[in-house]
Amino acid sequence: MNKGDKMKVLIVEDEKPIADLIQMHLEHHGYDCDYAPDGNIGANKIEEEKYDLVLLDIMLPHVDGYELMEYIEPLKIPVIFITAKGSVKDKVKGLQMGADDYLVKPFSVDELLARVESVLRRYHRDISTFYINDIIIDTNARQVKQDGKVLNLTNKEYDLLLFLVRNKNIVLYRDTLYEKVWDTTDLGHTRTLDLHIQRLRKKLKWKDHIKTVFGIGYILEVDDEICS
Amino acid sequence: MKFAHKIIISCLILIMAVYSIGSTIMLVLNHQQLLQTTIEKNLETHDIELFSMETKLLQDRTRFRNAYKTADQQMLERFSYYIDSYSSGKKNTTYALYDNQNLLYSTMDKGLSKKLSNIQTSTYQTMTYDSKKMMVVTSKVSFPNQEFYLSAAYDLSDVYAERTREFKSFLLIGSCLCIISYIVLKFIASYMTEPIEKLNKAAQHIAKGNYKERTLIESTDEIGELSKSFDMMALEIEQTISKLQLNLEQRDEFMGSFSHEIKTPMTSILGYADILRTYDCDPKTRTKAAQYIYSEGQRLASLSYTMMDLLSLGENEIQLETVDAVATMIQLENYYAINNKKRNVYFYSEECYVLSHSDLLFAMLRNIIDNAIKASKEDQTILVLQSIKDNKCIFMIIDEGVGMEKETIDKMTEPFYMADKSRARSLGGAGLGMSIVKRICDLHHTNLIVDSALGIGTTITMTLEVAKDE
């Protein structure tokens, strides 16, 4: 897998708002996205292009998701069903048809991203290593190396760093940042966040990269776009 | 006890009882008859023998008197001679001769002759001697100047032996009859109870869930009638259960579609909101996110309003009252003049009062007209006509929009069904409008008539009852 190649994802979903949402989110995280509003167009696109993953809605007009699944399955492309049909029966049916995962609406985009990465990891097509500035993050080993040396980061420091890396060059709001990395809805713990930011800056010597934006939050600035 | 056994046992008891009673009566009558006949025969014999003896003795006495001057000794010999001659060859009859006190001659047993000391001559006697039934007749022998009595004892054992034989036959035949009856009854009983078994099995099958089961017993007797009633009941059950299952399926489908219609905009709203609160987006992204949150939110709002309308119509009947159709048409005209940018909706009405409900009539027509507008382009015309024909009020909504294919027409009134999702959604629809129209039509006990062709247009016709003049 080349460092420069981006993952290509096909989104087959007839609800435009949701399709846009997924596309926005995945592109933000470094995936290339294509969109098909129904089963027929989806089948056409799969024929024309090579995709690393297909996100498939079940309730589609004309050709429904299950029918399209039968078409995709022999091509051995990873598929995740996205649908409002969430009963156990539906999930079992979807998985038995060969889908690699099943996502029920309403879902959070974070969950979507996590499942996408999980499925791709299974196929060894995931973005498992991040090359950011002078560090290398190995997500399989949960290890961060700088100048060849393994850095000693706590769990939360690692999680925080990974989150910053995934949302690089964008200002992140403090409360939400804390909520997502610490996975809690308890408010008023931003002191913890601040401390962790400070420690990261120190350990990575990234005072110039992890910047504070007053009144808003933090931003990880990197000028290199090398990652794979 | 099983019903079949009940039949068998009661019939068997009846047969045996009737047989026993009948046979017993016959047995007894036969015996009486035979006894009577035997007695009379014996009496006759006795009379004959007596008379014969008297005659002969008279002759003998005359002969002896002439020969010997006295005849007593010889007479006794003659008595004995005659008695012996009567006795020969007859095992059953024994005789005894008496004068007033003494036994003169006898072929009887000692004991028997002793028993006869005090005897009557008027009639015969029956007695038991030596465990044999006997009949004894004593008659005075008519003899000049002397009194002699002749007793004849007839053994009646044969008569009684006959009775015993008949009784044995009765028992034997009775036993055979019992066995044969039992076998025959067994077949009869199982034949009779077979329909009952059928009914039982059918009931069990139906209880297990096989509602198509029927008994189909053809006989015209009570069991046949029971079978008919049973089958009718089974049919009712089958139909009711089918209806209930259909209702349940419809309910499930409705809930499925409904939850999908809610979850989808929810996903968008939450997703975009999450993006907005996580990081500081570029203006383009922010605008896009905000726009989607708004439009999907509106979609949820419209959905909930129409859902409430649909649910409030409920299953209840409504009271139909007199409504001025023209007034409703004017109301619609004003509504569309204000709310609609389109000016091409034209209303034509004729004076008419209908049996309806003013709010529902308005809502129904509004939903149909809204659909017509959604199907039509900006410049296309929509006609809303109301007129009277054959004493009924007819409403027609005609558009020249995209039209529908057959599949769409059939599914049009299903909740949440949208022929062209993207167009409907973009115009704020949720697929419930026609369901509401259908519900309102049902409440008026009337139907929608849909005429449509792709690319040409759609005409929807609805008929209401004209209100009677008061």
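For the structure itself, consult the block above.
My aim in this report is to walk through the structure given alongside it, one point at a time. (Residues numbered from 1 in each chain as written. Chains lettered and ligands numbered in written order. Predicted model: local features only at pLDDT ≥ 70, side-chain atom pairs only at ≥ 80, totals over all residues. Heavy atoms only, no water.)

**Looking at the interface of chain B and chain A**
Size of an interface: often given as the accessible area lost when the parts come together.
So, step 1. Listed by partner, the interface residues are 23 residues for chain B and 26 residues for chain A.
So, step 2. Counting each side, the surface lost to burial between chain B and chain A is near 2400 Å², with a carbon and sulfur contribution of 59%.
So, step 3. Area buried by chain B at its contact with chain A is led by T267, R277 and Y279 of chain B, which between them contribute 26% of it.
So, step 4. Our count for the contact surface shared by chain B and chain A stands at 4 salt bridges.
So, step 5. Seen at the junction of chain B and chain A, the total is 11 residue pairs in polar contact (both at pLDDT 80 or more).
So, step 6. Residue assignment for the side of chain B that touches chain A shows that the elements contributing at least two residues are α5 (222-278), β6 (279-280), α6 (283-313) and α10 (421-426) of chain B.
So, step 7. In this sheet, β6 of chain B lies alongside strand β10 (residues 171-173) of chain A in antiparallel orientation, the contact comprising 2 bridges. Counterpart to L172 of chain A in the pairing with β6 of chain B is Y279 of chain B. (Contact = heavy atoms within 4.5 Å. Buried area = accessible area lost by both parts, 1.4 Å probe. Salt bridge = Lys/Arg side-chain N within 4 Å of Asp/Glu carboxyl O. Polar contact = N/O pair within 3.5 Å; in protein donor to acceptor, adjacent residues only side chain to side chain. Helix = DSSP H or I, 4+ residues; strand = E, 2+ residues; numbered from the N terminus. Pairing = 2+ DSSP bridges.)

**Here's the deal with the environment of K16 of chain A**
So, step 1. Tracing the chain through its elements places K16 of chain A in helix α1 (residues 16-28).
So, step 2. Remark: the alpha-carbon pair of K16 of chain A and P37 of chain A, spanning 21 residues in sequence, is separated by 7.7 Å.
So, step 3. The residues touching K16 of chain A, leaving out its near neighbours within four places in the chain, are Y35 of chain A together with Y292 of chain B.

**Observations regarding unusual backbone geometry**
Residue and element names in this part refer to chain A.
So, step 1. We note that K76 has phi near 60°; this positive angle belongs to a residue other than glycine.
So, step 2. Position of K76 relative to the elements: it lies in the loop between α3 (65-72) and β4 (79-83).
So, step 3. The phi angle at D183 is positive, at roughly 55°, despite the residue not being glycine.
So, step 4. Relative to the helices and strands, D183 is located in the loop between α7 (174-182) and α8 (190-204).
So, step 5. According to the relative accessible area criterion, D183 is exposed, its value standing at 68%. (Buried < 20%, exposed > 50% of the residue type's maximum accessible area, 1.4 Å probe, protein only.)

**A few points about the sheet that holds strand β8 (residues 143-146) of chain A**
Residues and elements named next belong to chain A.
So, step 1. Taken together, 4 strands build an open sheet; the order of strands is β6-β7-β8-β9 and the sheet is antiparallel. A strand with exactly one partner marks an edge of an open sheet, and here the two such strands are β6 (129-132) and β9 (149-150).
So, step 2. Bridging between β8 and β9 involves 2 bridges; their strand directions are antiparallel. Across the sheet, the residue bridging to Q146 is K149, located in β9.
So, step 3. With respect to the sheet, helix α6 (residues 155-166) is in contact with β6, β7 (135-138) and β8, its orientation differing from that of β7 by roughly 110°. (Axes fitted to C-alpha atoms, helices over the stretch in contact; angles between N-to-C directions.)

**Comments concerning the pairing of strand β1 (residues 7-12) of chain A**
Residues and elements named next belong to chain A.
So, step 1. The buried count for β1 comes to 5 of 6 residues, which makes it a mostly enclosed element.
So, step 2. With 6 bridges joining them, β1 and strand β2 (residues 31-36) adopt parallel strand pairing. Bridging from a neighbouring strand, V12 pairs with A36 of β2.
So, step 3. Handedness of the β1-α1-β2 crossover: right-handed.
So, step 4. Note that β1 and strand β3 (residues 53-57) share 4 bridges and pair parallel. From the neighbouring strand, V12 faces β3, where its bridge partner is L56. (Right-handed = clockwise from strand over helix to strand, strands pointing away.)

**Let's talk about α6 of chain B**
Residues and elements named next belong to chain B.
So, step 1. End to end, α6 covers 45 Å across 31 residues, agreeing with the expected 45 Å (1.5 Å per residue, within 8%).
So, step 2. Within α6, burial applies to T285, A289, Y292, E296, R299, L300, L303, M307, L310 and L313.
So, step 3. Among the residues trailing α6, G314 stands out with phi positive, at a value near 50°. (Expected span 1.5 Å × (residues − 1).)

**Points about the packing of α6 of chain A against α8 of chain A**
Residues and elements named next belong to chain A.
So, step 1. It is at 10 Å that the axes of α6 and α8 come closest, and there the two elements cross at 85°. In terms of orientation, α6 lies roughly perpendicular with respect to α8. Residues K156, E157, L160, L161 and L164 of α6 lie in contact with α8, whose contacting residues are L193, H196, I197, R199, L200, K203 and L204.
So, step 2. Considering only residue class, the contact of α6 with α8 consists of 7 nonpolar, 1 polar and 4 charged. (Parallel < 35°, antiparallel > 145°, perpendicular 65-115°, else oblique. Nonpolar A, V, L, I, M, F, W, Y, C, P; charged D, E, K, R; others polar.)

Purely geometric numbers; function is a separate question.
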